[in-house]
Amino acid sequence: MRAYLIVALLLLGIFGGLSAYLYGQFNMLANLDFTPPPATVAVSEARTQQWSDRLKAIGTVKAVRGVELSTEESGEVTAIDVRSGDRVQQGQLLVTLNDRVEQASRESQLASLELAQILFDRDDKLIRKKSIPQSQLDRSKADLERAIAQLAETEARLYNKRIHAPFAGTVGIVHVRVGDYVQPGTAITSLQDLTELEIDFTVPARHYPHLRQGLNITVQADAFPEQVFGATLQSIDAKVDANTRNLLLRASLDPGSKLLPGMFAELTIDLNNARPLVTVPETAITYAMQGDTVFVVNEEAEGLTVQPRLVRPGDSRDGRVAILEGLAAGERVVSAGQNKLYRGASIIIDDSVALRGL
């Protein structure tokens, strides 16, 4: 019995000591402050800006005067008077086809015309003397007019044997060589006037009420990724494509754009309907499937805290985003360091952590 009492006292002492130790540890932990330290963030103020609506579109650059030159006659190429890439003037001779047959025919018809003219002049004098009947003069006149027409036809064929520049411009790659035999419609080369360029593009027909000639357009091309070119809306088609419900537009590029016909271009049309919009830096918005949010800064007695708020972002430009709903001008939002934040988190503002360009 005495042994049981001793064992019980020993157990009681052991468990009592352990309980006292654990109590002290838990009491010490309970007195510790586990509140996270304030997060260092950059803050920007939502401000009102005058923004116009913009339309995005894509199109292809083309020359106002640009053609693929070909021939209307068949024949052997006997002379090429231009090199690929040359600048030519209007009417300049580019390519000549074999015209020996036409030249011989022209000489024969010149002789026939001369004879017809002599006979007509003689009959015209004789008819005044009433030495010949009127029918003979009529035949002489018809023969003269026929000779003139035949010569004109031959000269037209001769002209078609020579390909001239229809306007001043830059010649593309010449696809034929001396000695080649070409058929009507054979591509000879392209001629492009690079001083005047335009872009055809389409936009959804619902935007038609906001479109008008003279609107400013900015153009970007992959060939010049760092440059923006100016253009002006020149024409609006008179009908909507029934298949796509799109409206065809044409813009004139400002001179000196350095673009080439055929280049792909991205266009932004300024609709010139400025309205006030609340904007914030692009980095202030956290995009998510559940909704886009910003962290709004609140001033409280214990310091600055943040609260997430759902917003509806709109267009973005120049590093800022329009907020259509959910935020008022003058409110401050976190623009850098959101990954460290949660609802009610304390913050310290340090704009040196802001990303460059905010």
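Heads up: these notes are all about the structure in this document. Computed from a predicted structure; not experimentally measured.

Thresholds applied
- Residues numbered from 1 in each chain as written.
- Predicted model: local features only at pLDDT ≥ 70, side-chain atom pairs only at ≥ 80, totals over all residues.
- Heavy atoms only, no water.
- Helix = DSSP H or I, 4+ residues; strand = E, 2+ residues; numbered from the N terminus.
- Buried < 20%, exposed > 50% of the residue type's maximum accessible area, 1.4 Å probe, protein only.
- Contact = heavy atoms within 4.5 Å.
- Areas by Shrake-Rupley, 256 points an atom, 1.4 Å probe, with all protein chains shown as cover.
- Pairing = 2+ DSSP bridges.
- Salt bridge = Lys/Arg side-chain N within 4 Å of Asp/Glu carboxyl O.
- Axes fitted to C-alpha atoms, helices over the stretch in contact; angles between N-to-C directions.
- Parallel < 35°, antiparallel > 145°, perpendicular 65-115°, else oblique.
- Left-handed = near helix turned anticlockwise from the far one by under 90°.
- Core = buried A, V, L, I, M, F, W, Y, C linked by side-chain atoms within 4.5 Å.

**Digging into the overall build of the protein**
If you tally the helices and strands in the protein, you get three helices and 22 strands. Taken across its 358 residues, the protein has 32% of its residues classed as buried. Restricting the contact set of the protein to residue pairs at least 6 apart, pairs at least 24 apart contribute 73%. Summed over all atoms, the accessible surface of the protein reaches about 22100 Å², with 54% contributed by carbon and sulfur.

**Structural notes on the sheet that holds strand S10 (residues 181–182)**
The strands making up a sheet associate through backbone hydrogen bonding, with each pair oriented either parallel or antiparallel. Read from one edge to the other, the open sheet built from four strands follows the order S8-S7-S5-S10, with strand pairing classed as antiparallel. Of all the strands in the sheet, just strand S8 (162–164) and S10 have a single pairing partner and so form its edges. Sheet topology places strand S5 (residues 75–80) next to strand S7 (residues 93–97); three bridges connect them, and they run antiparallel. By the bridge assignment, Ile-80 is partnered in S7 with Val-95.

**Focus on the pattern of salt bridges**
Here the structure, examined in full by the defined rule, presents 16 salt bridges. One salt bridge in this structure joins Asp-53 and Arg-275, with 3.0 Å as the shortest N-O distance. With Asp-53 in the loop between strand S2 (47–51) and strand S3 (54–63) and Arg-275 in strand S17 (residues 275–281), the pair connects residues that are 222 residues apart, well separated along the chain. Using a relative accessible area of 26% as the deciding quantity, one classes Asp-53 as partly exposed. Arg-275 sits in the partly exposed class, given a relative accessible area of 36%. A salt bridge links Arg-332 to Glu-299, with the nearest nitrogen and oxygen atoms 3.2 Å apart. Residue Arg-332 is found in strand S21 (residues 332–336), and its partner Glu-299 is found in strand S18 (residues 292–300); the two are separated by 33 residues along the sequence. For Arg-332, a relative accessible area of 26% gives the class partly exposed. Look at Glu-299 and you get exposed, because its relative accessible area is 65%. One network of salt bridges, in which partners are shared, links Lys-62, Glu-198, Asp-200 and Arg-250.

**Notes on the pairing of strand S13 (residues 216–221)**
Of the two faces of S13, only the one carrying Ile-217, Val-219 and Ala-221 is buried; Asn-216, Thr-218 and Gln-220 on the other face are not. Of the strand pairs in this sheet, S13 and strand S14 (residues 224–240) are connected by five bridges, and their pairing is antiparallel. Residue pairing in the sheet places Val-219 in a bridge with Phe-229 of S14.

**What to know about the packing of helix H2 (residues 100–128) against helix H3 (residues 134–160)**
Put simply, H2 and H3 touch, their axes get as near as 8 Å, and they point 160° apart. One way to sum up the angle between H2 and H3 is to call them roughly antiparallel. The hand of the H2/H3 crossing is left-handed.

**Considerations on the nonpolar core**
In terms of nonpolar packing, the biggest core is built from 25 residues, with Phe-201, Ile-217, Val-219, Leu-253 and Ile-269 touching the most fellow members. Elements represented by at least two residues in this core include exactly S3, strand S12 (197–204), S13, S14, strand S15 (246–253) and strand S16 (264–270). Residues Val-77, Val-95, Val-171 and Leu-191 belong to the second largest nonpolar core, which totals 16 residues.

**Describing the sheet that holds S15**
Spatial ordering of the closed barrel is given by S3-S12-S15-S14-S13-S16, a layout of six strands whose pairing is antiparallel. The mean angle between the axes of side-by-side strands here comes to 40°, regardless of whether they run parallel or antiparallel. As judged from the five bridges shared by S3 and S12, these two strands associate in the antiparallel manner. Looking across to S12, one finds that Gly-59 is bridged to Phe-201.

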